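Here are the chains, one letter per residue:
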Amino acid sequence: MNGEHELGLLAAGVAFYTFLAITPLIAATVMIYGLLGNVDTVQAQMAAIVELVPAEAAAVIEDQLLRIVTTSSGVTGLALSVALFFAIYGAMRAASGTMSALNIINRTTEARPIFKRYLRAAALTIAAIFVAVTGIGSGAVFAWLQTQAKFLPGSTAPFFFGAAPWFTAFAFGSAAFAIIMRYGPDRPAPPWRWLMPGALLATLLWIAVSFGFSFYVAYISDYNATYGSLSAIVVFLMWLFLSAYGVLFGALANAEIERQIGAKTAGTNA
């Protein structure tokens, strides 16, 4: 089914829309986090997140993050609401592209009115932002707990608080992918338990892709020699493409599991 659905082309489309949405998505995350905490600490707390991605991709994200933090630090009140609205609207490109890809994977045609479609894209975008904000906040909490663990007896406490952020990130990633797979396509929402295999697979593939591609860029390939000054953008786009491929592959696994279950159920009833 991977070839029949042209998963590579779908992933490339999702990666392109995500590339267009990444700056407003970061802006919306920073603005919302600024309402709950100190915006000046966002860069330091997101540093742990960008360690996963290739250095060139991390440089692109950090550059955008620095610019957004610098320009949005003085935005308050009505201006903040307007800026947040346009940031979420711009970030909806990624959600819209993902919804279209999921419709193809689930063999369904988009029939929702345009207003409902935009509302669904906005809801998925806001959900992704809040998952990111919660992940950043939990990372800060675990970092503080790790400093306190030095005073606790035994050797397992520091290890536990050091490993907890990774388990938390895995849980947040799986939950976010499950939400996208459940509410993205135009179809009746399946039970959550049907979505977990694909969501877990998507999270594992994303982690494997991030580590594997980072190693490939750092030690095997030389994108600077091939693309010159465009190497950072090319690496970032390639990482987005591989990440989208992993997520869509997890959604495809869920669709095929559901199809097999439906075929067996129909055969049993017959």
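None of these values were measured; they are calculated from a predicted model.

Undergrad: Where do I start with the packing of aromatic side chains in this structure?
TA: The relation between two aromatic rings is expressed through the spacing of the ring centres and the mutual angle of the planes. What the rule picks out here adds up to seven aromatic pairs. Relative to Trp192, the ring of Tyr183 lies with its centre 6.0 Å away and its plane at 70 degrees, an arrangement referred to as edge-to-face. Overall, the relative accessible area of 30% leaves Tyr183 in the partly exposed class. Every member of this aromatic cluster is reached through a ring pair, and the members are Phe19, Trp206, Phe236 and Trp239.

Undergrad: I'm lost on the environment of Phe211 in this one. Help?
TA: In this structure, Phe211 sits in helix α7 (residues 192–219). For Phe211, a relative accessible area of 45% puts it in the partly exposed group. Remark: the alpha-carbon pair of Phe211 and Pro54, spanning 157 residues in sequence, is separated by 8.0 Å.

Undergrad: Sorry, what's going on with the nonpolar core here?
TA: Nonpolar side chains in soluble globular proteins tend to be buried together. If you look at the biggest cluster of nonpolar residues, it comprises 19 residues, and the most contacted ones within it are Leu7, Leu10, Ile105, Phe177, Met181 and Leu248. Going through the elements one at a time, α1 (7–36), α4 (77–105), α6 (156–183), α7 and α9 (231–269) are the ones with two or more residues in this core. The leading source of residues in this core is α9, at six residues. Setting aside chain neighbours within four positions, we find Leu10 in contact with His5, Ala101, Ile104, Ile105 and Leu248.

Procedures and definitions
- Residues numbered from 1 in each chain as written.
- Predicted model: local features only at pLDDT ≥ 70, side-chain atom pairs only at ≥ 80, totals over all residues.
- Heavy atoms only, no water.
- Phe/Tyr/Trp six-rings, centres within 6.5 Å; stacked < 30°, edge-to-face > 60°.
- Buried < 20%, exposed > 50% of the residue type's maximum accessible area, 1.4 Å probe, protein only.
- Helix = DSSP H or I, 4+ residues; strand = E, 2+ residues; numbered from the N terminus.
- Core = buried A, V, L, I, M, F, W, Y, C linked by side-chain atoms within 4.5 Å.
- Contact = heavy atoms within 4.5 Å.

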